[in-house]
Amino acid sequence: LPTPVVDVAAAGSWLWALACPPSASASASSCSPVLERTPLEGGRWEKLPLPPLHAFSATLAVASSDAVLVLVAAAGDNPGTLVSTANAGQTWSLEATPSGPGNLCTSDIGLATAGPIDWWLLCNGQAAAGSSTKALMHTLDAGQLWTTVSSVTSLLAPFQPGSVTTGGVTAIAAGSPSQLWLAWVNGLDESTDGGATWTTVSGVNLEGAYGSFDVWSASRAWLLAPGEGLWATTDGTTWRALGSVATP
């Protein structure tokens, strides 16, 4: 695999890996995404022919053995690109990420999928003092039409209970069309209604670390915050710490 590998996912009988080696034909801060897969039972890696892309960062979501979605984020306050395939890379579709309510979305920070055409995108707007305006967007037709599920459009207005957090989000994941989890720098939030309302999970604090999810189902998932902890759920709503973090 080329380096660095920035994301991995498993679906069906395949393990997928997304790498983003430095781009030779663009700015020094950009990379050219490379997508490969290997059978879960073992075998050789095979490279899927992505369209030519340049990215500031890239995120992978896999819905099935054939349906793959890559979020290619641009540098600065620019819209990103959603690159998707429904036939394991034989053909690809490219769609610009949505602008959000009132053109709020200026950067894309999270991607989740509950099916081949059922996607969520979390985007940021203006930021201040560790908080940011943001919007959670949802599509049921592979990016043709987006709706705003939850949003924070002003940091000056009082926070509305149940809204998506204003804190710095590091990852979002879907266990089903209704079950979502959102890791942010100081906690974990969950939604059981497709992202419309959110509650904070007690006992989980990432202490500023970047979290990442591994999701098997709506009831079974893990959250890792390197250097801070590993948490798991077996019912989709209650999370427990697994072991302790070793320190020097």
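Here the structure is shown first, and the text comes after it.
Summarised in this report is the structure supplied together with it. (Residues numbered from 1 in each chain as written. Predicted model: local features only at pLDDT ≥ 70, side-chain atom pairs only at ≥ 80, totals over all residues. Heavy atoms only, no water.)

**Overview of the side chain of Ser23**
Condition: The way it works is that DSSP assigns letters per residue, a run of H or I at least four long becomes a helix, a run of E at least two long becomes a strand, and they are numbered from the N terminus. By definition in these notes, contact holds between two residues if any of their heavy atoms fall within 4.5 Å.
Looking at the secondary structure, you find Ser23 in the loop between β2 (14-19) and β3 (34-39). Once residues within four sequence positions are removed from consideration, Ser23 is found in contact with Ser30, Cys31, Ser32 and His54.

**Examining the nonpolar core**
Rule in force here: Nonpolar cores are built from buried Ala, Val, Leu, Ile, Met, Phe, Trp, Tyr and Cys residues. Side-chain atoms within 4.5 Å join them into one set. Working definition: with a 1.4 Å probe on protein chains only, accessible area under 20% of the residue-type maximum means buried, over 50% means exposed, and in between means partly exposed.
With 20 residues, the main nonpolar core has Trp16, Leu35, Leu60, Val62 and Val83 as its most contacted residues. Where this core is concerned, the elements lending two or more residues are β1 (5-11), β2, β5 (57-62) and β6 (68-73). Among all residues touching Val83, those that are not within four sequence positions of it are Leu50, Pro51, Leu53, Val68, Leu69, Val70, Val72, Trp92, Ser93 and Leu94.

**Some remarks on the pattern of salt bridges**
What counts is decided by this rule: Salt bridge, as applied in this entry: a Lys or Arg side-chain nitrogen positioned within 4 Å of an Asp or Glu carboxyl oxygen.
Tallying each qualifying case throughout the model produces one salt bridge. Between Glu46 and Arg37 there is a salt bridge; the shortest N-O distance is 3.7 Å. For Glu46, a relative accessible area of 34% puts it in the partly exposed group.

**So, the sheet that holds strand β15 (residues 187-191)**
Heads up, the condition is: Two strands are said to pair when DSSP picks up at least two bridges between them.
Taken together, four strands build an open sheet; the order of strands is β13-β14-β15-β16 and the sheet is antiparallel. Where the open sheet ends on each side, the last strands, each with one partner, are β13 (169-174) and β16 (199-200).

**Considerations on the environment of Gly100**
Looking at the element boundaries, Gly100 is found in the loop between β8 (93-96) and β9 (107-115). For Gly100, a relative accessible area of 17% gives the class buried. Spatially, the C-alpha atoms of Gly100 and Thr59 are 19 Å apart, while their sequence positions differ by 41 residues. Not counting chain neighbours up to four residues away, the residues in contact with Gly100 comprise Cys105 and Met137.

**Examining the side chain of Asn124**
Looking at the secondary structure, you find Asn124 in strand β10 (residues 118-128). Residue contacts for Asn124: discarding those within four places in its chain leaves Leu104, Cys105, Thr106, Ser107, Ile109, Ser132, Thr133 and Lys134.

**Considerations on the state of the cysteines**
Defined as follows: Any two cysteine sulfur atoms lying within 2.5 Å of each other are counted as a disulfide.
Throughout the structure, instances matching the rule amount to two disulfides. Between the sulfur of Cys20 and that of Cys31 lies a disulfide, 1.8 Å long from S to S. Between Cys20 and Cys31, the S-S dihedral sits near 65°, and the bridge is therefore right-handed. Taken together, the residues span a long stretch of sequence, with Cys20 in the loop between β2 and β3 and Cys31 in the loop between β2 and β3 at a distance of eleven residues. For Cys20, a relative accessible area of 6% translates into the label buried. Exposure remark for Cys31: the relative accessible area of 7% places this residue in the buried category. Covalently, Cys105 is tied to Cys123 through a disulfide, its sulfur atoms 1.8 Å apart. You can see Cys105 sitting in the loop between β8 and β9 and its partner Cys123 sitting in strand β10, a full 18 residues away along the chain. The exposure class assigned to Cys105 is buried, which follows from its relative accessible area of 13%.

**Re the sheet that holds strand β20 (residues 239-241)**
Each strand in a sheet pairs with another by means of backbone hydrogen bonds, the pair being arranged parallel or else antiparallel. The condition that has to hold: Fitted lines through C-alpha atoms serve as axes, helices being fitted only where they are in contact, and the angles separating the N-to-C directions of these axes extend from 0 to 180 degrees.
Spatial strand order, β17-β18-β19-β20: four strands in an open sheet with antiparallel pairing. Each edge of the open sheet is held by one strand with a lone partner, namely β17 (212-215) and β20. For this sheet the average axis-to-axis angle between neighbouring strands, irrespective of direction, equals 20°.

**Description of the packing of aromatic side chains**
How we decide: Working definition: rings of Phe, Tyr and Trp (its six-membered ring) pair if their centres are within 6.5 Å, and the pair is stacked with planes under 30 degrees apart, edge-to-face with planes over 60 apart, and tilted otherwise. The rule is short: NZ of Lys or CZ of Arg within 6 Å of the ring centre and within 35 degrees of the ring normal puts a charge over the ring.
Taken as a whole and judged by the stated rule, the model has three aromatic pairs. Ring geometry for Trp181 against Trp239: centres 5.8 Å apart, planes inclined by 85°, an arrangement best described as edge-to-face. Pair noted here: Trp181 is in strand β14 (residues 180-184) and Trp239 is in strand β20, with a separation of 58 residues, a long-range link. Taking 5.3 Å as the distance between ring centres and 75° as the angle between the ring planes, the aromatic pair formed by Trp216 and Trp222 counts as edge-to-face. Residue Trp216 is classed as exposed on the basis of its relative accessible area of 55%. The exposure class of Trp222 is partly exposed, given its relative accessible area of 22%. Linked through ring pairs, Trp181, Phe213 and Trp239 together constitute an aromatic cluster. In this arrangement the basic side chain of Arg37 is found over the ring face of Trp14, its NZ or CZ atom lying 3.6 Å from the centre.

Note that every value here comes from positions in space, so none of it alone points to a role or purpose.
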